[in-house]
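The lines below spell out each chain.
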Amino acid sequence: MGKVIFNSDDFGYSHGVNYGIVDAYQRGILTSTTLMANMPGFEHAVKLKKELPDLGVGVHLTLTCGKPLLENVDSLVEGDQFKQLSFYTKPFEIDNDQLYQEWNAQIQKVYRAGIIPTHLDSHHHTHTFDNNQEVVIALAKKYDLPVRGNFERKSEVRHVDYFEPYFDDVGETIEDKRQIDCSIEQYLEQLLTLLREDKTIEIMCHTAYLDQQLLEGSSFVYPRVNQVEFLVHSEFALQVKRDCLIELVTYKEI
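On a predicted model such as this, the values are computed, not experimentally measured, just so you know.

Definitions and limits used
- Residues numbered from 1 in each chain as written.
- Predicted model: local features only at pLDDT ≥ 70, side-chain atom pairs only at ≥ 80, totals over all residues.
- Heavy atoms only, no water.
- Salt bridge = Lys/Arg side-chain N within 4 Å of Asp/Glu carboxyl O.
- Helix = DSSP H or I, 4+ residues; strand = E, 2+ residues; numbered from the N terminus.
- Buried < 20%, exposed > 50% of the residue type's maximum accessible area, 1.4 Å probe, protein only.
- Core = buried A, V, L, I, M, F, W, Y, C linked by side-chain atoms within 4.5 Å.
- Patch = residues over 30% accessible without salt bridge, like charges linked within 9 Å, V, L, I, M, F, W, Y side chains within 5 Å.
- Areas by Shrake-Rupley, 256 points an atom, 1.4 Å probe, with all protein chains shown as cover.
- Phe/Tyr/Trp six-rings, centres within 6.5 Å; stacked < 30°, edge-to-face > 60°.
- Polar contact = N/O pair within 3.5 Å; in protein donor to acceptor, adjacent residues only side chain to side chain.
- Contact = heavy atoms within 4.5 Å.
- Pairing = 2+ DSSP bridges.
- Right-handed = clockwise from strand over helix to strand, strands pointing away.
- Axes fitted to C-alpha atoms, helices over the stretch in contact; angles between N-to-C directions.
- Parallel < 35°, antiparallel > 145°, perpendicular 65-115°, else oblique.
- Nonpolar A, V, L, I, M, F, W, Y, C, P; charged D, E, K, R; others polar.

> Teacher, can you tell me more about the pattern of salt bridges here?
Two side chains that carry opposite charge are able to pair once their charged atoms sit near each other. Counted according to the given criterion, the structure contains 14 salt bridges. Notably, a salt bridge pairs Asp-23 with Arg-27, separated by 3.3 Å at the nearest N-O pair. Placement of both Asp-23 and Arg-27 in helix 1 (residues 15-27) is noted, with a separation of 4 residues, approximately one turn of the helix. Exposure remark for Arg-27: the relative accessible area of 39% places this residue in the partly exposed category. Where Glu-197 meets Lys-199, a salt bridge forms, and the shortest distance between an N and an O atom there is 3.2 Å. Connected through salt bridges with shared partners, the residues Asp-9, Asp-121, Arg-148 and Glu-202 form a single ionic network.

Now the structure itself:
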């Protein structure tokens, strides 16, 4: 039997994102999310989580969106904002101690809010970049938390057996923007077979309802809305719910 986690990133980004995640959890097959401690929707997300004790909530370590929590992290910022993702797409240098302190502050803020995190991952997968891996490994060991296993040194921390990165495509209506090299129907058929295997699996997704903050702040918008609908109403979601070989879990069960 497969133990399957459907995790939606970006909890705390905005009210619209938060409500989309909660709907996909309460009405669909979403089991887990990861929380951005530095974003404007953080307190709203914490309030929603306290009403949903079984929703798994990890920490979405953030380095490329919004402002840092700390002030003494000059190598991570341009002005008062985190550097953009483009800074990390070529060889880069940042202060690893500053990164450790900032990400540690983000984790600590989640604990202080009364949430015990289930795991760690990162916005734009920045924990997978070069020496950033050392930082996330050190923090995972400090807090004894699993980490999303899409990076080279995952053997040094707890992680699921398989990580599925392409599920966002179910919400993408423009074929040229999809990452998969087959039809959605073929992809989902293959994915269902995988989910039934005796493995622990994380399916990454991004669910949200559209609000002004998301519309103005993200280049990935409408597929998020479509994913809410898919996780709630699609035939795939119904099959997952009914399948006796698929157990929907959170990272607490890993």
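> Help me out: how do you make sense of the nonpolar core in this one?
Membership of the largest hydrophobic core comes to 73 residues, with the highest contact counts inside it found for Phe-6, Leu-35, Leu-120, Phe-167, Leu-195 and Phe-236. In terms of residues, this core owes the most to one element, helix 5 (residues 184-195), which gives 7 residues.

> How should a nonpolar patch on the surface be read in this particular structure?
Taken together, the side chains of Leu-210, Leu-215 and Tyr-222 present a nonpolar region at the surface, about 290 Å² in accessible area. Note that Tyr-222 resides in helix 7 (residues 222-233). For Tyr-222, a relative accessible area of 51% translates into the label exposed.

> Just to check I follow, could you spell out the packing of aromatic side chains for this structure?
Given two aromatic rings, their pairing is described by the distance between the two centres and the angle made by the two planes. Summed over all chains, the structure comprises 10 aromatic pairs. Seen in terms of ring centroids, Phe-6 and Phe-167 are 5.7 Å apart; in terms of plane orientation they differ by 70°. Their pairing is edge-to-face. With Phe-6 in strand 1 (residues 2-11) and Phe-167 in the loop between strand 7 (162-164) and helix 5, the pair connects residues that are 161 residues apart, well separated along the chain. One exposure class covers both Phe-6 and Phe-167, and it is buried. Taking the centre distance of 5.8 Å and the plane angle of 70° together, the rings of Phe-167 and Phe-230 count as edge-to-face.

> Can you help me understand unusual backbone geometry in this one?
Excluding glycine, residues mostly carry a negative phi; peptide bonds, for their part, are mostly trans. Backbone geometry at His-125 places phi at a positive 60°, although glycine is not the residue there. Mapped onto the elements of the fold, His-125 is located in the loop between strand 6 (120-122) and helix 4 (132-143). Phi is positive for Asp-130, which is not a glycine, with a value near 40°. Take Asp-130: it is sitting in the loop between strand 6 and helix 4.

> Would you mind showing me how to read the side chain of Asp-169 here?
Along the chain, Asp-169 falls in the loop between strand 7 and helix 5. Polar side-chain contacts of Asp-169 include one of 2.9 Å to the backbone nitrogen of Ile-180. Residue contacts for Asp-169: discarding those within four places in its chain leaves Lys-177, Arg-178, Gln-179, Ile-180 and Ile-184.

> How should I be thinking about the pairing of strand 8 (residues 200-205) in this particular structure?
Remark: a regular strand shows side chains that alternate across the two faces of the sheet. Taking burial as the measure, the 6 residues of strand 8 include 6 buried ones, the bulk of the element. Side chains Thr-200, Glu-202 and Met-204 of strand 8 all project onto a buried face; the interleaved residues Ile-201, Ile-203 and Cys-205 project onto the opposite face, where all are buried too. Strand direction decides the pairing type here: strand 1 and strand 8, joined by 6 bridges, are parallel. Counterpart to Asn-7 in the pairing with strand 8 is Met-204. Of the pairings in the sheet, the one linking strand 7 to strand 8 comprises 3 bridges and is parallel in character. By the bridge assignment for strand 8, Glu-164 is matched with Ile-203. Taken together, strand 7, helix 5 and strand 8 form a β-α-β motif whose crossover is right-handed.

> Which parts of the structure should I look at to understand the packing of helix 7 against helix 8 (residues 235-242)?
Packed helices, taken two at a time, are described by the angle their axes make and the gap between the axes. At a minimum axis distance of 5 Å, the contact between helix 7 and helix 8 shows a crossing angle of 40°. Here helix 7 is positioned oblique relative to helix 8, judged by the angle of their axes. Contacts from Phe-230, Leu-231, Val-232 and His-233 in helix 7 reach Glu-235, Phe-236 and Ala-237 in helix 8. Split by residue class, the contact of helix 7 with helix 8 holds 5 nonpolar, 1 polar and 1 charged.

> Looking at this model, I keep getting lost on helix 2 (residues 42-50). Mind explaining?
Residues that lie three or four places apart on an α-helix share one face, since the helix turns once every 3.6 residues. Within the span of helix 2, buried status applies to Phe-42, His-44, Ala-45, Val-46, Leu-48 and Lys-49. Those residues of helix 2 hidden inside the fold are in contact with strand 1, helix 1, strand 2 (32-35), strand 3 (56-61) and helix 3 (96-112).

> Help me understand the pairing of strand 1 in this model?
Most of strand 1 sits inside the fold, with 9 of its 10 residues counted as buried. The β-α-β motif built from strand 1, the intervening helix 1 and the parallel element strand 2 has right-handed crossover chirality.

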